[in-house]
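Results of the structural survey
Spelled out, the chains give:
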Amino acid sequence: MASLDDLQKDAEEIRQFISTSQRPRVKEVLQRELLTVEQEISLQIHQNATHPEGKEEEAKQPAAEAKVTKVPLYTKSISSYGWDQSDKFVKIYITLPGVESLPKEKITSKFTKNSVEVVAHELDGKNHQLKIMKLCHNIVVGESYTKVKTGNLVVMMKKEKIKQTWEDVVVKAKDTSPLKSGADDPDKDPQKAIMDMMKKMYDEGDDDMKKTINKAWSESMNKVGTGEGLNMSGL
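One structure accompanies this document, and this report is about it. Given the structure is predicted, the values throughout are model-derived calculations rather than measurements.

Scoring rules and cut-offs
- Residues numbered from 1 in each chain as written.
- Predicted model: local features only at pLDDT ≥ 70, side-chain atom pairs only at ≥ 80, totals over all residues.
- Heavy atoms only, no water.
- Pairing = 2+ DSSP bridges.
- Helix = DSSP H or I, 4+ residues; strand = E, 2+ residues; numbered from the N terminus.
- Axes fitted to C-alpha atoms, helices over the stretch in contact; angles between N-to-C directions.
- Phe/Tyr/Trp six-rings, centres within 6.5 Å; stacked < 30°, edge-to-face > 60°.
- Buried < 20%, exposed > 50% of the residue type's maximum accessible area, 1.4 Å probe, protein only.
- Patch = residues over 30% accessible without salt bridge, like charges linked within 9 Å, V, L, I, M, F, W, Y side chains within 5 Å.
- Areas by Shrake-Rupley, 256 points an atom, 1.4 Å probe, with all protein chains shown as cover.
- Salt bridge = Lys/Arg side-chain N within 4 Å of Asp/Glu carboxyl O.

**Here we look at the sheet that holds strand 5 (residues 115-123)**
Taken in spatial order, the four strands make up an open sheet running 1-6-5-4, and their pairing is mixed. Whereas interior strands pair on both sides, the edge strands pair on one side only; in this sheet they are strand 1 (75-77) and strand 4 (107-112). Each strand axis lies, on average, 20° off the axis of its neighbour in the sheet, ignoring direction.

**What to know about the packing of aromatic side chains**
Under the criterion given, the structure shown has one aromatic pair. With a centroid separation of 6.2 Å and an interplanar angle of 75°, the aromatic rings of Phe-89 and Tyr-145 are classed as edge-to-face. Within this pair, whereas Phe-89 is found in strand 3 (residues 89-95), its partner Tyr-145 is found in strand 7 (residues 139-149), the two being separated by 56 residues in sequence. Take Phe-89: its relative accessible area is 17%, and that puts it in the buried class. The exposure class assigned to Tyr-145 is partly exposed, which follows from its relative accessible area of 36%.

**Digging into a nonpolar patch on the surface**
A surface patch of nonpolar side chains, amounting to about 280 Å² of accessible area, comprises Ile-194, Met-197, Met-201 and Met-209. When residues of the nonpolar patch are assigned to their parent elements, the largest contribution, three residues, is made by helix 4 (residues 190-204). Within the secondary structure, Met-209 sits in helix 5 (residues 207-224). Residue Met-209 is classed as partly exposed on the basis of its relative accessible area of 31%.

Here's what the structure looks like:
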């Protein structure tokens, strides 16, 4: 589309042609063209008056089209760390080279009474996350925090019970290993260990298992007097 200035120059030149033209048909053609140009001039003046920002919006359009969607970064779990404790705090030490160069808002911490989550965002093209869902003991949420040092993060967790000794950072899993015999535990009476194991088998077994154990107990009782069998009277 021609600019307003060009249209006005076209209109002026057409008027000059009309004034010098001698032929009626030529004048009629020129007058129709002049009318068309004047209508375009009127339209542009109206558009500029009602939308003065039009040109600015057109200038912004290429930048909007060039906008690129940001892809979420990969999150790497932190499983290796050191720790120690004082009377008041349990401290977790995380080695992260270059972490001190991150803006403050890129280090986030979330504490609950028995959990902690710390994330270093956008470090070396990824997020680095420490997440512990079951701490060994409870902490004070409002007085726990994270410190940034050169190449390290230090997570300071305030103990709920001052001077309480933590055996570990996380809750240890309960021992679910099978019942040991007396031979495995030198401090335990071998006969009692076997009795405990037989009782456990009896309590958890089906009818056939219980019949088998009762038979073994009866046969053993017949041999107790001779010293050949086990004393299973506690079963």
